[in-house]
Amino acid sequence: MSTVIDRKTKPAVENLRINGERLWASLMELAQIGATPKGGVCRLTLTDLDRQGRDLVLKWAREAGMAVTIDKIGNGFMRRAGRNNALPPIITGSHIDTQPTGGKFDGNYGVLAGIEVVRTLNDHGIETEAPIEVAFWTNEEGSRFVPVMMGSGVFAKAFTLEHAYAAKDTEGKSVKDELTRIGYVGTEEPGAHPIGTYFETHIEQGPVLEDNDKTIGVVTGVLGIKWYDCTVTGMEAHAGPTPMALRKDALQVAAKLMQEVVAIAHRHPPHGRGTVGMVQVHPNSRNVIPGRVKFSIDLRNATDQLVDKMDADIRGAVERVSKESGLPISIELVSHYPAQPFHPECVQAVGRAAEKLGYSNMPAVSGAGHDAVYMARLAPAGMIFIPCKDGISHNEIEDAKPEHITAGCNVLLHAMLERAGVA
Ligand SMILES: [Zn+2]
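Residues numbered from 1 in each chain as written. Predicted model: local features only at pLDDT ≥ 70, side-chain atom pairs only at ≥ 80, totals over all residues. Heavy atoms only, no water.

**Student:** How do you make sense of the overall build of the protein when you look at a structure like this?
**Tutor:** Tallying secondary structure elements over the protein gives 12 helices and 16 strands in all. Against the 2.2 N^0.38 benchmark of 22 Å for 423 residues, the protein shows a C-alpha radius of gyration of 24 Å, consistent with a compact globule. With the principal axes as the frame, the protein shows a C-alpha extent of 90 × 45 × 40 Å. Within the protein, buried positions represent 54% of all 423 residues. In the protein, of all internal contacts separated by at least 6 residues, the share reaching a separation of at least 24 is 80%. Of the roughly 18,400 Å² that the protein leaves accessible, carbon and sulfur atoms contribute 52%. (Helix = DSSP H or I, 4+ residues; strand = E, 2+ residues; numbered from the N terminus. Rg over C-alpha atoms; globule rule 2.2 N^0.38 Å. Buried < 20%, exposed > 50% of the residue type's maximum accessible area, 1.4 Å probe, protein only. Contact = heavy atoms within 4.5 Å. Areas by Shrake-Rupley, 256 points an atom, 1.4 Å probe, with all protein chains shown as cover.)

Right, dumping it as structure tokens:
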């Protein structure tokens, strides 16, 4: 697609804006593939529907003049050449797989916003110094195959290609077989692709932007996480004949600790989070005093130091509650994901773009994992959040406003141009 543009009609770069209607139309068209009756999308990774989604996105990329590379884990890279193609590309991307009851925007927005950036540059005949690429990462959701963020994780060498290939779904089908079946085993070695800078645009998946009535979240980083299993051991006994003073009620003791989990999060604002999401009560019978309770603890905060302070607090609480109650309590760390701050230059580029474009904005942290977390280990990375209705995602009712979709993509455009350099 080569259009001759009269230099005089070429808009100054600062006046460049994406075509919001075109982006919205593409989002709605992609959402037709795997559309659910309730208005959501079910496009599980490496299914026939995923293949159709990938095919459509790559068709759009080729129509926009982009060259396509697929790597061995099925990550796709769509490239718009720059003036100096020896420079590492400025990449944006996300994922197009969804949860079983997913929405139209989670992931899909980040990929199609990248395509829209390229279409806009084409419309106006803008050449960048560094090449620009749009990526989609395989199996970000982790719904059908574990681990989550699989494609970007292999790319960042968080785990091996063989480990990812061997993962099986509930029917016993492997990633390798399904990737082969849909025709998306590429030739490039994952991670071989250079990255100059990585940006990802995403719906917030939380309520903070909407609550603050802000259009853009300038994401400073992703929360660190520690997961624990906690077990309180008491003694089962009959609920009737056993007086209160003579009980070893594991659930009552566990309940005290559960309150502590929430209190600890409150003591570490503004980003402290504490959640007990899973409880197993033994024997789970109406008229038996619970003899054993096992529950999960999920602690999060913006820095590893703060997560460590929360860790020390919960361990202290376990010791104290155990001493007070006389019941043994074990706490075991089962997973740890370090906090991932984004690169200051990328955070600033996003903030500057939002300011320049006149969008209300605020610093934000991501409580959820994203492909950008792995990219941040390899290159300067940053994220742009836009509000989603009631902060809800991973749900068919997930919704976002067209003006926010447009705003986030405009911020992406200008942040990418700043990093790529305009020839
Ligand atoms: Zn996502």
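There's more to say after this.
**Student:** Explain the pairing of strand S16 (residues 381-386) to me, please; I cannot follow it from the model alone.
**Tutor:** The side chains of a regular strand alternate between both faces of the sheet. When you tally the buried positions in S16, you get six out of six residues, the bulk of the element. Residues Ala381, Met383 and Phe385 of S16 are buried on one face, and the alternating residues Gly382, Ile384 and Ile386, pointing to the opposite face, are buried as well. For strand S5 (residues 197-203) and S16, the ladder comprises six bridges, and the chain directions are parallel. Bridge pairing links Phe199 to Gly382 in S16. As judged from the three bridges shared by strand S6 (residues 216-222) and S16, these two strands associate in the antiparallel manner. Along S16, the bridge assignment pairs Val218 with Ile384. (Pairing = 2+ DSSP bridges.)

**Student:** Would you take a moment to explain the environment of Ile392 for this structure?
**Tutor:** By the secondary structure assignment, Ile392 is in the loop between S16 and helix H12 (402-420). Given the relative accessible area of 27%, Ile392 is considered partly exposed. Spatially, the C-alpha atom of Ile392 lies 9.5 Å from that of Ile203, the residues being 189 residues apart in sequence. Contact partners of Ile392, with chain neighbours within four places excluded, come to Ile397 and Glu398.

**Student:** Explanation requested: the packing of aromatic side chains in the structure shown.
**Tutor:** Each aromatic ring pair is specified by the distance between its two centres and by the angle formed by the two planes. Here the structure, examined in full by the defined rule, presents seven aromatic pairs. Measuring from centroid to centroid gives 5.6 Å for Trp24 and Phe105, while their planes differ by 35°, and the two rings are tilted. In this pair, Trp24 sits in helix H1 (residues 20-31) while Phe105 sits in the loop between strand S3 (90-94) and helix H3 (108-123), placing the two residues 81 residues apart along the sequence. Looking at Phe105, the relative accessible area reads 1%, which means it is buried. Here Phe159 and Tyr374 contribute two aromatic rings whose centre-to-centre distance is 6.5 Å and whose plane-to-plane angle is 80°, an arrangement assigned as edge-to-face. Of this pair, Phe159 sits in the loop between helix H4 (150-155) and helix H5 (161-166) while Tyr374 is found in helix H11 (residues 371-375), placing the two residues 215 residues apart along the sequence. The class of Phe159 is buried, set by a relative accessible area of 16%. Note on Tyr374: relative accessible area 12%, which makes it buried. In this structure, Arg54 packs its charged tip against the face of Tyr184, placed 4.9 Å from the ring centre. (Phe/Tyr/Trp six-rings, centres within 6.5 Å; stacked < 30°, edge-to-face > 60°. Lys NZ or Arg CZ within 6 Å of the ring centre and 35° of its normal.)

**Student:** Is there a simple way to explain the side chain of Glu200 in this structure?
**Tutor:** Along the chain, Glu200 turns up in strand S5. No salt bridge is formed by the buried Glu200. Its closest oppositely charged neighbour is Arg377, at 13 Å. Sequence-distant contacts of Glu200, defined by excluding residues within four places in its chain, comprise Thr92, Gly93, Ser94, His370, Asp371, Ala372, Gly382, Met383 and Ile384. (Lys, Arg positive; Asp, Glu negative; His and termini not counted. Salt bridge = Lys/Arg side-chain N within 4 Å of Asp/Glu carboxyl O.)

**Student:** Looking at this model, I keep getting lost on the layout of surface pockets. Mind explaining?
**Tutor:** It is a probe the size of a water molecule, rolled over the atoms, that shows where empty space is left. The calculated volume of the largest pocket comes to roughly 1,200 Å³. Lining the largest pocket are 45 residues, and of these Ile225, Arg300, Gly367, Ala368 and Gly369 sit closest to its centre. Mapped by element, the contributors of at least two residues to the lining of the largest pocket are strand S7 (224-233), strand S9 (273-275), strand S12 (292-301), strand S15 (361-366) and H11. Per-element accounting of the lining of the largest pocket gives the leading share, five residues, to S15. For the lining of the largest pocket, the class distribution of residues is 23 nonpolar, 14 polar and eight charged. (1 Å grid on protein atoms, 1.4 Å probe; cavity = no way out; pocket = protein on both sides within 12 Å on 5 of 7 lines; lining within 4 Å. Points joined across faces, edges and corners; volume = space filled by probe spheres on them. Nonpolar A, V, L, I, M, F, W, Y, C, P; charged D, E, K, R; others polar.)

**Student:** Explain the pairing of S15 here, please?
**Tutor:** Within S15, five of the six residues are buried, which leaves the element mostly enclosed by the surrounding structure. Relative to S15, S6 runs parallel, the two sharing six bridges. In the strand pairing of S15, Gly217 is matched with Met362.

**Student:** Sorry if this is basic, but what is going on with the nonpolar core here?
**Tutor:** Here is a general trend for soluble globular proteins: nonpolar side chains tend to be buried in one another's company. Residues Val57, Ile73, Met78, Ile115, Ile216, Phe342 and Val411 are the most contacted members of the largest nonpolar core, which totals 95 residues. With 10 residues, the single largest contributor to this core is H12. Discounting residues that sit within four places of it in the chain, Ile73 has contacts with Thr138, Met150, Gly151, Val154, Leu161, Ala164, Tyr165, Val175, Leu179 and Pro190. With 23 residues, the next largest nonpolar core counts Leu257, Ala265, Ile297 and Ile314 among its residues. (Core = buried A, V, L, I, M, F, W, Y, C linked by side-chain atoms within 4.5 Å.)

**Student:** Sorry, what's going on with the packing of H1 against H12 here?
**Tutor:** If you want to describe how two helices pack, look at the angle between their axes and the distance between the axes. The N-to-C vectors of H1 and H12 enclose an angle of 110°; their axes lie 9 Å apart at closest approach. Comparing their axes, H12 and H1 come out roughly perpendicular. Residues Gly20, Leu23, Trp24 and Leu27 of H1 form the contact with H12, whose own contacting residues are Pro402, Ile405, Thr406 and Cys409. Taken together, the residues of the contact of H1 with H12 sort by class into six nonpolar, two polar and no charged. (Axes fitted to C-alpha atoms, helices over the stretch in contact; angles between N-to-C directions. Parallel < 35°, antiparallel > 145°, perpendicular 65-115°, else oblique.)

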